[in-house]
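Below, each chain spelled out in residue letters.
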Amino acid sequence: MDTARIGLIGAGFIGEVHLRALAFNRRADVRAIADVNERRAREMAERFHVPRTYTDVRQMLEQERLDGVIIATPDQLHREPAELAAQAGVHIMLEKPIATTVEDAEAIIAAAQRNNVKLMIGFILRFTLPYQQLRQKVVSGEIGTPTMAFGKRTVNASEARRLAGRCTVNDYLSIHDTDTILWNMGTDVESVYAQNGSFVLKEQGLNTPDYYWTMLRFRNGATAVTHSHWAMPAAFPNYPESELLMTGTRGAVHLHLAGQHLWYASDTSYEHPDVSYGFTAEDAGAFRKEDEHFTDCIIEDRQPLVTGVDGLNALKIILAADESIRTGQPVKVSLQPPQQH
Ligand SMILES: NC(=O)c1ccc[n+]([C@@H]2O[C@H](COP(=O)([O-])OP(=O)(O)OC[C@H]3O[C@@H](n4cnc5c(N)ncnc54)[C@H](O)[C@@H]3O)[C@@H](O)[C@H]2O)c1
């Protein structure tokens, strides 16, 4: 097999980014788009030269001979298309979060396993160069044992307005840093404590918090904090201003995405590599790499770098944060070890 026949389910904001990315992917043959919004599906098909559109996922899976689907429906609507694709024997790249409940997430993972299809979760930071370089500093042992992490992601209120009520900024933005932290620090998390704040968006009549702080405590005493804020002033960019700081027993590493900035320090060296990277580029930057990884895994029969269990673990942290806010207490969590690939 030289190319993978791909279908897109959900051609909204991020579905369009995937279509842009797939247009540069020589190993992807995009056969069809399914979206309940027929006009949107047709418009995207025309722009990206996709032969057929459907308003019903079932029909697309029955009529097309697909190898894989990219699912980019709203968070609450991930389970049904994922289960249908799995039953049809089609590999799945599912946007984050894997689902909005543990029950749905486990059902998606079970459906993929039962039907022997690959399930990859869209944690884009794993395909974003500075985050990959930071990861190298961790796996090479250069920072020693991780002792602390801080992951931050802030935008203006335009996404909060677009998604009002559909999700929180913790589900939408911090889940990326949550996955990155679990990827680098492991999944031995003991408890989660969180606080959020509702000021600016509440005044604008939007029923969603402005920001979250979530603290993870690992069993070895290490801690990590994620912070996301989607009510920054209007002139602030709507592309996440992000950073990740990790310290370890032998070094520390810090990246700042808006500044395309990454440094690494130990007792004997300080490095400041060039990490310029076109995330907003015509070819959709990291999304192109993410989708290429998916088609490579299909064609070469490899396990994706990001698994359903990674999606479930990050979701459990996000749900525990909301429970902690409700109860005012740290919440115990139990995550699964990452799957081998
Ligand atoms: N990886 C990232 O950086 C990133 C960024 C944004 C969004 N996302 C995720 O992508 C997903 C989609 O988000 P979005 O912002 O693109 O949403 P959106 O509302 O812009 O698009 C969703 C699309 O799905 C369609 N849809 C709804 N129900 C459907 C169904 N049953 N079958 C087929 N199509 C259906 C809608 O008509 C719409 O076109 C969410 O899970 C979101 O969290 C990921």
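Reading the values: the criteria
Residues numbered from 1 in each chain as written. Predicted model: local features only at pLDDT ≥ 70, side-chain atom pairs only at ≥ 80, totals over all residues. Heavy atoms only, no water. Phe/Tyr/Trp six-rings, centres within 6.5 Å; stacked < 30°, edge-to-face > 60°. Helix = DSSP H or I, 4+ residues; strand = E, 2+ residues; numbered from the N terminus. Lys NZ or Arg CZ within 6 Å of the ring centre and 35° of its normal. Near = heavy atom within 4 Å. Polar contact = N/O pair within 3.5 Å; in protein donor to acceptor, adjacent residues only side chain to side chain. 1 Å grid on protein atoms, 1.4 Å probe; cavity = no way out; pocket = protein on both sides within 12 Å on 5 of 7 lines; lining within 4 Å. Sits in = over half its atoms within 2 Å of the grid points. Nonpolar A, V, L, I, M, F, W, Y, C, P; charged D, E, K, R; others polar. Domains from an automatic or database assignment. Axes fitted to C-alpha atoms, helices over the stretch in contact; angles between N-to-C directions. Parallel < 35°, antiparallel > 145°, perpendicular 65-115°, else oblique. Contact = heavy atoms within 4.5 Å. Left-handed = near helix turned anticlockwise from the far one by under 90°. Buried area = accessible area lost by both parts, 1.4 Å probe. Points joined across faces, edges and corners; volume = space filled by probe spheres on them. Core = buried A, V, L, I, M, F, W, Y, C linked by side-chain atoms within 4.5 Å. Buried < 20%, exposed > 50% of the residue type's maximum accessible area, 1.4 Å probe, protein only. Expected span 1.5 Å × (residues − 1).

Peer 1: Which residues make up the packing of aromatic side chains, and what are the values?
Peer 2: Here a ring pair, both rings aromatic, is described through the centre-centre distance and the interplanar angle of the planes. Tallied over the full model, the rule gives three aromatic pairs. When the ring of F150 is compared with that of W213, the centres are 6.5 Å apart and the planes differ by 20°; the resulting orientation is stacked. A residue pair is termed long-range when its members are at least 10 positions apart, and F150 in strand β7 (residues 146–156) and W213 in strand β9 (residues 211–218) qualify at 63 residues. The side chain of K137 reaches across the aromatic face of Y264, ending 4.4 Å from its centre.

Peer 1: A description of the site of the ligand should follow, citing residues and the corresponding values.
Peer 2: Around the ligand, the structure places 27 residues, and the nearest of them are I14, D35, D75, R162 and R166. Within the contact set of the ligand, an oxygen atom lies 2.9 Å away from a side-chain nitrogen or oxygen of H78. Between the ligand and K96 there is a distance of 3.0 Å, counted from an oxygen atom to a backbone nitrogen or oxygen. The pocket occupied by the ligand, as judged from atoms lying within 2 Å of grid points, is the largest pocket. Grouping the constituent residues of the shell around the ligand by class yields 14 nonpolar, seven polar and six charged. Here the shell around the ligand spans two domains, and each of domain 1 (4–124) and domain 2 (129–276 + 312–332) adds at least three residues to it.

Peer 1: Could you give me a rundown of the packing of helix α5 (residues 102–114) against helix α11 (residues 308–327), with the residues and numbers involved?
Peer 2: Each pair of packed helices can be described by the angle between their axes along with the distance between the axes. α11 packs onto α5 with a crossing angle of 180° between their chain directions and a minimal axis gap of 10 Å. As far as their axial angle goes, α11 and α5 are roughly antiparallel. Residue-level contacts link V102, A105, E106 and I109 of α5 to G308, V309, L312, L315, K316 and L319 of α11. In the contact of α5 with α11, the residues fall into seven nonpolar, one polar and two charged.

Peer 1: Mind laying out the side chain of T187, listing which residues take part and the relevant values?
Peer 2: Along the polypeptide, T187 turns up in the loop between α8 (169–185) and β8 (189–197). Polar side-chain contacts of T187 include one of 3.2 Å to the backbone oxygen of Q336. Residues in contact with T187, not counting those within four places in the same chain, are L182, N313, L335, Q336, P337 and P338.

Peer 1: Before we move on, could you go through the packing of helix α1 (residues 13–22) against helix α2 (residues 38–48) and cite the residues and values that matter?
Peer 2: It is at 11 Å that the axes of α1 and α2 come closest, and there the two elements cross at 20°. Taken as axis vectors, α1 and α2 run roughly parallel relative to one another. Of the two elements, α1 crosses α2, and the hand of that crossing is right-handed. On α2, the residues that touch F13, E16, L19 and R20 of α1 are R40, M44, R47 and F48. For the contact of α1 with α2, the residue count by class is four nonpolar, no polar and four charged.

Peer 1: Any chance you could break down the domain arrangement of the protein for me, citing the residues and the numbers?
Peer 2: Along its sequence, the protein is organised into domain 1 (4–124) and domain 2 (129–276 + 312–332). Once you take the C-alpha centre of each, domain 1 and domain 2 turn out to be 27 Å apart. Each partner contributes to the interface: domain 1 provides 17 residues, whereas domain 2 provides 14 residues. Both sides together, the interface formed by domain 1 and domain 2 hides about 1,200 Å², and carbon and sulfur atoms give 68% of it. Our count for the domain 1 to domain 2 interface comes out at two residue pairs in polar contact (both at pLDDT 80 or more).

Peer 1: Any chance you could break down the layout of surface pockets for me, citing the residues and the numbers?
Peer 2: Of the pockets and cavities examined, the largest pocket occupies roughly 1,200 Å³. Taken together, 50 residues make up the lining of the largest pocket; nearest its centre are F13, I14, G15, R162 and Y172. At five residues, α1 tops the list of elements feeding residues into the lining of the largest pocket. Per-class residue counts for the lining of the largest pocket are 25 nonpolar, twelve polar and 13 charged. In terms of domain composition, the lining of the largest pocket takes at least three residues from each of domain 1 (4–124) and domain 2 (129–276 + 312–332).

Peer 1: Before we move on, can you summarise the environment of A265 with the specific residues and values?
Peer 2: Within the secondary structure, A265 sits in strand β13 (residues 261–266). The sequence separation of A265 and V17 amounts to 248 residues, and the corresponding C-alpha distance is 35 Å. Beyond its immediate sequence surroundings of up to four residues, A265 is in contact with G251, A252 and Y270.

Peer 1: So what's going on with the nonpolar core? Residues and values would help.
Peer 2: Counting 55 residues, the largest nonpolar core has I33, V69, I92 and I98 as its most contacted members. Two domains each donate at least three residues to this core, and these are domain 1 (4–124) and domain 2 (129–276 + 312–332). Excluding its chain neighbours within four sequence positions, the residues that come into contact with I98 are H78, A105, I108, I109, I121, G308, G311, L312 and L315. By size, the runner-up hydrophobic cluster in this structure holds 35 residues, among which are I124, L182, L244 and V331.

Peer 1: So what's going on with helix α10 (residues 286–299)? Residues and values would help.
Peer 2: Taking 1.5 Å of rise per residue, 14 residues should cover 20 Å, and α10 covers 20 Å from first to last C-alpha, within 8% of that figure. Among the 14 residues in α10, eleven count as buried, and that is most of the element. The set of residues buried in α10 consists of A286, F287, E290, D291, H293, F294, T295, D296, C297, I298 and I299. The elements touched by buried residues of α10 are β1 (4–9), α1, β2 (28–34), β4 (68–71), β5 (91–95) and β6 (119–122). Of the residues trailing α10, D301 is marked for its positive phi of about 50°.

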